[in-house]
Amino acid sequence: QVQLVESGGGLVQAGGSLRLSCAASGRTFSNYAMGWFRQAPGKEREFVAGISWSGAIRSYADSVKGRFTISRDNAKNTVNLQMNSLKSEDTAGYYCAAGKNIATMRLAAAYWGRGTQVTVSS
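What counts and how
Residues numbered from 1 in each chain as written. Predicted model: local features only at pLDDT ≥ 70, side-chain atom pairs only at ≥ 80, totals over all residues. Heavy atoms only, no water. Helix = DSSP H or I, 4+ residues; strand = E, 2+ residues; numbered from the N terminus. Buried < 20%, exposed > 50% of the residue type's maximum accessible area, 1.4 Å probe, protein only. Contact = heavy atoms within 4.5 Å. Areas by Shrake-Rupley, 256 points an atom, 1.4 Å probe, with all protein chains shown as cover. Lys, Arg positive; Asp, Glu negative; His and termini not counted. Charge placed at Lys NZ, Arg CZ, Asp CG, Glu CD. Pairing = 2+ DSSP bridges. Axes fitted to C-alpha atoms, helices over the stretch in contact; angles between N-to-C directions. Phe/Tyr/Trp six-rings, centres within 6.5 Å; stacked < 30°, edge-to-face > 60°. Lys NZ or Arg CZ within 6 Å of the ring centre and 35° of its normal.

K.L.:
Describe the overall build of the chain, listing the residues and the values that go with them.
P.N.:
In terms of regular secondary structure, the chain is built from one helix and eleven strands. Each principal axis of the C-alpha atoms in the chain carries an extent, and together these give about 40 × 25 × 25 Å. Here the chain holds 122 residues, and 45% of them are scored as buried. Long-range contacts, defined here as pairs at least 24 residues apart, represent 57% of the contacts in the chain between residues at least 6 apart. Carbon and sulfur atoms make up 47% of the accessible area of the chain, which amounts to about 6,500 Å² in all. The averaged location of the 7 negative side-chain charges in the chain is 7 Å from the averaged location of its 14 positive side-chain charges.

K.L.:
Describe the pairing of strand S11 (residues 116-121), and please don't skip the residues or the numbers.
P.N.:
Residue alternation in S11 divides its side chains into a buried set, Thr116, Val118 and Val120, and an unburied set, Gln117, Thr119 and Ser121. Two elements, strand S2 (residues 10-13) and S11, share four bridges in a ladder whose sense is parallel. Across the sheet, residue Val12 finds its bridge partner in S11, namely Val120.

K.L.:
Lay out the sheet that holds strand S8 (residues 78-83) in plain terms, naming residues and giving numbers.
P.N.:
Note on sheets: strands pair through backbone hydrogen bonds, and any given pair is parallel or antiparallel. Across the sheet, which stays open at both edges, the four strands sit in the order S1-S3-S8-S7 with antiparallel pairing between neighbours. Among the strands making up the open sheet, the edge pair consists of strand S1 (2-7) and strand S7 (68-73). Direction aside, the axes of adjacent strands within the sheet are offset by 15 degrees on average. In this sheet, S8 lies alongside S7 in antiparallel orientation, the contact comprising six bridges. From the neighbouring strand, Ser71 faces S8, where its bridge partner is Asn80.

K.L.:
Describe the packing of aromatic side chains, with residues and values.
P.N.:
A full pass over the atoms with the stated rule returns three aromatic pairs. Ring centres of Phe37 and Phe47 lie 5.6 Å apart, and the angle between their planes is 75 degrees; this geometry places the pair in the edge-to-face category. Placement of Phe37 in strand S4 (residues 33-39) and of Phe47 in strand S5 (residues 46-51) is noted, with a sequence separation of ten residues between them. Of the two residues, Phe37 and Phe47, both sit in the buried class. By the ring-pair criterion, three or more aromatic residues cluster together here, those being Phe37, Phe47 and Trp112. Above the plane of the ring of Phe37 lies Arg45, whose end atom (NZ or CZ) is 5.4 Å from the centre. Taking NZ or CZ as reference, Arg106 lies 4.0 Å from the ring centre of Phe47, over its face.

If you want it as structure tokens, here you go:
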């Protein structure tokens, strides 16, 4: 019942910022925990950030904590990822996901977007 479409990716210089957005359509968006994953070439998919259905709980990978901020606006059916102080190792395809809760989403998300590419140059 949920479709996810990411936007906001692109090429940015190290130290710069990008804001990723995920637009959701469906009747039960506000009932899902939402999050972002990324996958770089030759590497496994990794969890980046998650947010509970109410926005009260937020979780971040240690590698992005303090640099990235996840937020959601249920009225607009969007979830965002503000990325600051970007590093070359942040280069990856970024995917929006949804699940029953953050823990369940990390194990097996119910819905996935198609992804948006983030490339950080040095």
